[in-house]
Structures are given as C-alpha cells and as structure tokens.
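# Topology and contacts: notes
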Amino acid sequence: MSAPWSNTSSNNKASPSSPSNNSHVNPLGQSYEESYELDEPTKASRWNTDNSSNRGRQIGGAAAAGGLAGLVLVGPIVAVAGAIGGAVAATSKGVTGALARGAGEGMASAGDEIKKVEDKTHLGAKSVNGLRTSVKWVSSKFDRKKNQSSNDED
C-alpha cells in the first residue's frame, strides 16, 4: 500500500518525493491554498468565526490576546501595538482573520469563565483587600521607624 501523498493516481498532483512544477504542495498532495479553504467548517473548528453577532466579542478578544502577548513579551508600548494588530487582524478576511477571530473568541470565553469564578468566589475583591491590609501594615512599620529615628535625633 502506498502512502497517501504518493503520486500513483492520474491527478497530476506533485508528491514530496518528486518536486515538480508546483512547489506549494503539502504532503497530502494538496496545494496549500486547497488545504486552507475556509468555506467548509472542519470537525476541529470549535468556534464559528463567521458569525457577525459575535464579531465585536471576537475583535475585543483578539485585541486582548495581542495586547497581553505584547505586554508579556516586550512591554507596555508593544502591548498597545499588539492590541491594535490583533483587532486589525480579526477584521481581515482569509486565514489570518479566521485565526485571529478564533483566538479572540477563545479569549472572550476565558474572560466569561473568569467572571463566573469571580462572581462565585469574590477572589478579586479578597485579593484587593489583602493587598490593602499588607500595604497598611508595611506603611505602619515605616511610620514607626521614622518616628523612632526623629525621637532619637532630639
């Protein structure tokens, strides 16, 4: 039995072992343009990226993903550029737009789940209160040392 990409059929598709006139052929003998068509949804497709009612959510999520990536990798200025790039990519057509909208939908879904957890646990509010208490404690230690040093100078 031959490999699925072998050139045994009469369809004139190039195989990896015999580079011919078309250098844009994947191992299955399809042109890359054929293998990335967006008209047919795949089984692995989790999100419908062509739904216009979710477009704002997808663009916002793509902007958040780009901004987060830019912030983590480089810093705040690149975060702004990454957010703009993610939003622009999500509005484009083709593979890039579909990938950006899929990433945006994923980020938006993650945000929804985080909000659900926050509504149940109030972890954000508890963290802010804990941080506030810690800052007050550290501040009181500095104030006490400052008062002691000023009393020692007298």
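Up top is the structure these notes are about.
Residues numbered from 1 in each chain as written. Predicted model: local features only at pLDDT ≥ 70, side-chain atom pairs only at ≥ 80, totals over all residues. Heavy atoms only, no water.

### A word on the pattern of salt bridges
It is possible for side chains of opposite charge to pair when their charged atoms get near one another. Counted according to the given criterion, the structure contains 4 salt bridges. Between Asp-112 and Arg-57 there is a salt bridge, with its nearest N and O atoms 2.9 Å apart. Here Arg-57 lies in helix α2 (residues 55–73) and Asp-112 lies in helix α4 (residues 95–121), a separation of 55 residues in the sequence. On the basis of relative accessibility, which here comes to 34%, the residue Asp-112 falls in the partly exposed class. Owing to a relative accessible area of 29%, Arg-57 belongs among the partly exposed residues under this scheme. A salt bridge links Asp-119 to Lys-115; its shortest N-O distance comes to 3.5 Å. Of this pair, Asp-119 and Lys-115 both sit in helix α4, 4 residues apart, which is roughly one turn of the helix. Each of Arg-57, Glu-105 and Asp-112 takes part in salt bridges that share partners, so that together they form one network. (Salt bridge = Lys/Arg side-chain N within 4 Å of Asp/Glu carboxyl O. Helix = DSSP H or I, 4+ residues; strand = E, 2+ residues; numbered from the N terminus. Buried < 20%, exposed > 50% of the residue type's maximum accessible area, 1.4 Å probe, protein only.)

### Concerning a nonpolar patch on the surface
Taken together, the side chains of Leu-68, Val-72, Leu-73, Val-74 and Val-78 present a nonpolar region at the surface, about 510 Å² in accessible area. Within the element layout of this structure, Val-72 appears in helix α2. On the basis of relative accessible area, Val-72 is assigned to the exposed category, the value being 64%. (Patch = residues over 30% accessible without salt bridge, like charges linked within 9 Å, V, L, I, M, F, W, Y side chains within 5 Å. Areas by Shrake-Rupley, 256 points an atom, 1.4 Å probe, with all protein chains shown as cover.)

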